[in-house]
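Examination of the molecular architecture
What follows is the residue order along each chain.
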There are 2 protein chains.
Amino acid sequence: MAIDRKEQIYSTARTMFSERGYPATTVRDIARELNMQAGSLYAHIGSKEDVLWEIVERAALQFIGVVAPIASSQTPPADKLRAMVRAHVLVVADNLDDATIFLHEWKFLGEERRAWVNERRNLYEGFYRRVIDEGIDSGDFAAHTDAKMAALLVLSSMNWLPQWYNPAGPLSPEEIADSFTQTILKGIQAPQY
Amino acid sequence: MAIDRKEQIYSTARTMFSERGYPATTVRDIARELNMQAGSLYAHIGSKEDVLWEIVERAALQFIGVVAPIASSQTPPADKLRAMVRAHVLVVADNLDDATIFLHEWKFLGEERRAWVNERRNLYEGFYRRVIDEGIDSGDFAAHTDAKMAALLVLSSMNWLPQWYNPAGPLSPEEIADSFTQTILKGIQAPQY
DNA sequence: CCTACCGATCGGTAGG
DNA sequence: CCTACCGATCGGTAGG
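Residues numbered from 1 in each chain as written. Chains lettered and ligands numbered in written order. Predicted model: local features only at pLDDT ≥ 70, side-chain atom pairs only at ≥ 80, totals over all residues. Heavy atoms only, no water.

Quick look at the packing of helix H3 (residues 48–71) of chain B against helix H5 (residues 96–104) of chain B
All names here are of chain B. Where H3 meets H5, the axes come as close as 9 Å, and the angle between the chain directions of the two elements is 100 degrees. The orientation of H3 with respect to H5, classified from their angle, is roughly perpendicular. Each of Leu52, Ile55, Val56, Arg58, Ala59, Ala60 and Phe63 in H3 lies in contact with H5, whose residues at this interface are Asp98, Ala99, Ile101 and Phe102. Of the residues assigned to the contact of H3 with H5, the class counts are nine nonpolar, no polar and two charged. (Axes fitted to C-alpha atoms, helices over the stretch in contact; angles between N-to-C directions. Helix = DSSP H or I, 4+ residues; strand = E, 2+ residues; numbered from the N terminus. Parallel < 35°, antiparallel > 145°, perpendicular 65-115°, else oblique. Contact = heavy atoms within 4.5 Å. Nonpolar A, V, L, I, M, F, W, Y, C, P; charged D, E, K, R; others polar.)

Spelled out as structure tokens, the structure:
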């Protein structure tokens, strides 16, 4: 059984960055949890920021990797949006700490890395904006729908999820996703004749 | 013109706590901005945490103070919810830094103060849960509405607002509030006969 | 992975 | 409000 020290360091960092935040977590906190000396960490990591970066980058690519194929598929807009939100919520539920760090700790990265994150965020948000535009064009969603605001409503509910979601709670990720999308879809759907 | 040093310190702290976060802001950062020595701050403040506390407490009381009267008024549920969200968004728009700090930096307070914040949060969220319950009872909202999830949708959109709202942007606070509540209200309204 | 340590910086205080 | 300073701690490195 290969005990991968590097994985342990990242796992501990994930928990601590998520709970206390990046600046309030010290390399000594991480080392202590693993019964190591602070300096010994640097046999496995480049810097504290490198650890944050790897977590953030991984999370960004995971969200995009899961949602992009759905966004570019040929599916009716309402079904597509439902599938995207569901995929997103499942990733969050399985990677709560990564999602929290991705949403709140990326600002402590250096300038270049921060710029990279911003690009991916815009890309990701575009997926949602576009499905809603598709729905307006196809007549599935009401013509007066403000695509930007509707996308923001979807993204807000997903981004706030890590703050309250409890894996031990009564609601499954699927139920949460369905509840949100059901209300929002009904809220933006075109009048039925 | 009385230059209130204490107010200047709090004003600077508000900006910095909001932008960099509490742990990443040092008392020397605040002092430097005001052309003071770090030690001189302590003629006006008790501790760094006291400054955070005063900001968080003030924000909490402001949100509750503005929304509670509406929540307890005799108004049709849909109108009431609209008015509550509008009041909330106006407070956020006028106090962006306080809202950000209230939402994200309160966890760096000591245990007692953190508990106080948690109580007010629950109280505040209850206002929204209850209006939605009222609407379900009165038949204004669909009987199958999940009040908890609907309230969460409202609160999520409001809580994410400080992350993207731009006072120089094209949307007024009223327009933002109306857009969100319009979609959500339509999403949870009872079928019309 | 440890010992030992670096320069820098932290929140805060004493004494004017 | 400044000077001068406190003990503690920070991220990180050298040299084994």
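And the narrative resumes.
Quick look at the protein's contact with DNA strand C
Of all residues adjacent to DNA strand C, which total 15 residues, the nearest are A:Arg5, A:Ser40, B:Thr26, B:Arg28 and B:Tyr42. Each atom of DNA strand C within 4 Å of the protein was assigned to sugar, phosphate or base; sugar and phosphate come to 61%. Separating a phosphate oxygen of DNA strand C from a side-chain N or O atom of B:Thr26 is a distance of 3.4 Å. Looking at the surface near DNA strand C residue by residue, the classes come out as four nonpolar, eight polar and three charged. (Near = heavy atom within 4 Å. Polar contact = N/O pair within 3.5 Å; in protein donor to acceptor, adjacent residues only side chain to side chain.)

Notes on the relation of the copies chain B and chain A
Note on the copies: chain B fits chain A at an RMSD of 0.0 Å, the axial shift is 0.0 Å, and the rotation between them is 180 degrees. As the rotation angle and translation indicate, the two copies are arranged about a two-fold axis. Rotation axis and chain B: the residue whose C-alpha lies nearest the axis is B:Gly187, separated from it by 1.9 Å. Looking at the interface residues of chain B, 100% of them are also at the interface in chain A, so both copies use one shared face. (Least-squares fit on C-alpha atoms with pLDDT ≥ 70 in both.)

Brief notes about the pattern of salt bridges
Inspection of every chain in the model, using the stated rule, returns 22 salt bridges over all chains. Across the salt bridge formed by B:Arg82 and B:Asp79, the nearest N and O atoms sit 3.1 Å from each other. Here B:Arg82 pairs with B:Asp79, and both are found in helix H4 (residues 77–94), just three residues apart, close to one helical turn. For B:Asp79, a relative accessible area of 36% translates into the label partly exposed. In this structure, the salt-bridge partner of B:Glu134 is B:Lys80, at a minimum N-O distance of 3.0 Å. Pair noted here: B:Glu134 is in helix H6 (residues 111–138) and B:Lys80 is in helix H4, with a separation of 54 residues, a long-range link. Accessibility expressed as a relative area gives 31% for B:Glu134, which makes it partly exposed. According to the relative accessible area criterion, B:Lys80 is buried, its value standing at 2%. Residues joined by salt bridges that share partners form a network here, namely A:Glu7, A:Arg14, A:Arg58 and A:Asp98. (Salt bridge = Lys/Arg side-chain N within 4 Å of Asp/Glu carboxyl O. Buried < 20%, exposed > 50% of the residue type's maximum accessible area, 1.4 Å probe, protein only.)

Notes on the interface of chain B and chain A
The interface is formed by 31 residues belonging to chain B together with 32 residues belonging to chain A. Roughly 2800 Å² of surface becomes buried between chain B and chain A when both sides are summed, with 69% attributable to carbon and sulfur atoms. In terms of surface lost to chain A, no three residues of chain B exceed B:Met149, B:Leu153 and B:Trp160, which account for 25% of the buried area on that side. Counting the contacts that link chain B with chain A gives two residue pairs in polar contact (both at pLDDT 80 or more). Secondary structure elements with two or more residues in the side of chain B that touches chain A: helix H1 (5–20), H5, helix H7 (147–164) and helix H8 (173–188) of chain B. Looking at the side of chain B that touches chain A residue by residue, the classes come out as 15 nonpolar, eleven polar and five charged. (Buried area = accessible area lost by both parts, 1.4 Å probe.)

Points about the protein's contact with DNA strand D
For DNA strand D, the set of nearby residues contains 15 residues, the closest of which are A:Thr26, A:Arg28, A:Tyr42, B:Arg5 and B:Ser40. Backbone sugar and phosphate groups make up 61% of those atoms of DNA strand D lying within 4 Å of the protein. At 2.9 Å, a backbone N or O of A:Lys48 approaches a phosphate oxygen of DNA strand D. Its residues assigned to classes, the surface near DNA strand D comprises four nonpolar, eight polar and three charged.

A short note on H8(B)
The end-to-end C-alpha distance of H8(B) is 23 Å, a good match for the 22 Å that 16 residues give at a rise of 1.5 Å each. For H8(B), the complete set of buried residues consists of B:Pro173, B:Ile176, B:Ala177, B:Ser179, B:Phe180, B:Thr181, B:Thr183, B:Ile184, B:Leu185, B:Gly187 and B:Ile188. On its buried side, H8(B) packs onto helix H7 (147–164) and helix H8 (173–188) of chain A together with H4 and H7 of chain B. (Expected span 1.5 Å × (residues − 1).)

Here we look at unusual backbone geometry
All names here are of chain A. Its identity as a non-glycine residue notwithstanding, asparagine 35 has a phi of 55 degrees, on the positive side. Note that asparagine 35 resides in the loop between helix H2 (27–33) and helix H3 (48–71). Taking relative accessible area as the criterion, asparagine 35 reaches 72% and is therefore assigned exposed.

Notes on the domain arrangement of chain A
Residue and element names in this part refer to chain A. The assigned domain composition of chain A is domain 1 (1–46) and domain 2 (47–188). Put simply, the middle of domain 1 and the middle of domain 2, counted by C-alpha atoms, are 28 Å apart. Across the domain 1/domain 2 interface, buried area totals approximately 1400 Å², and carbon plus sulfur atoms make up 65% of it. When residues of domain 1 are sorted by the area they lose upon contact with domain 2, Tyr10, Arg14 and Tyr22 head the list and together hold 45% of the total. When the shortest N-O distance is used, the salt bridge between aspartate 98 and arginine 14 registers 3.4 Å. Across the contact surface, domain 1 and domain 2 share seven residue pairs in polar contact (both at pLDDT 80 or more). The element best represented in the side of domain 1 that touches domain 2 is helix H1 (residues 5–20), accounting for seven residues. Classifying every residue of the side of domain 1 that touches domain 2 gives eight nonpolar, five polar and two charged. (Domains from an automatic or database assignment.)

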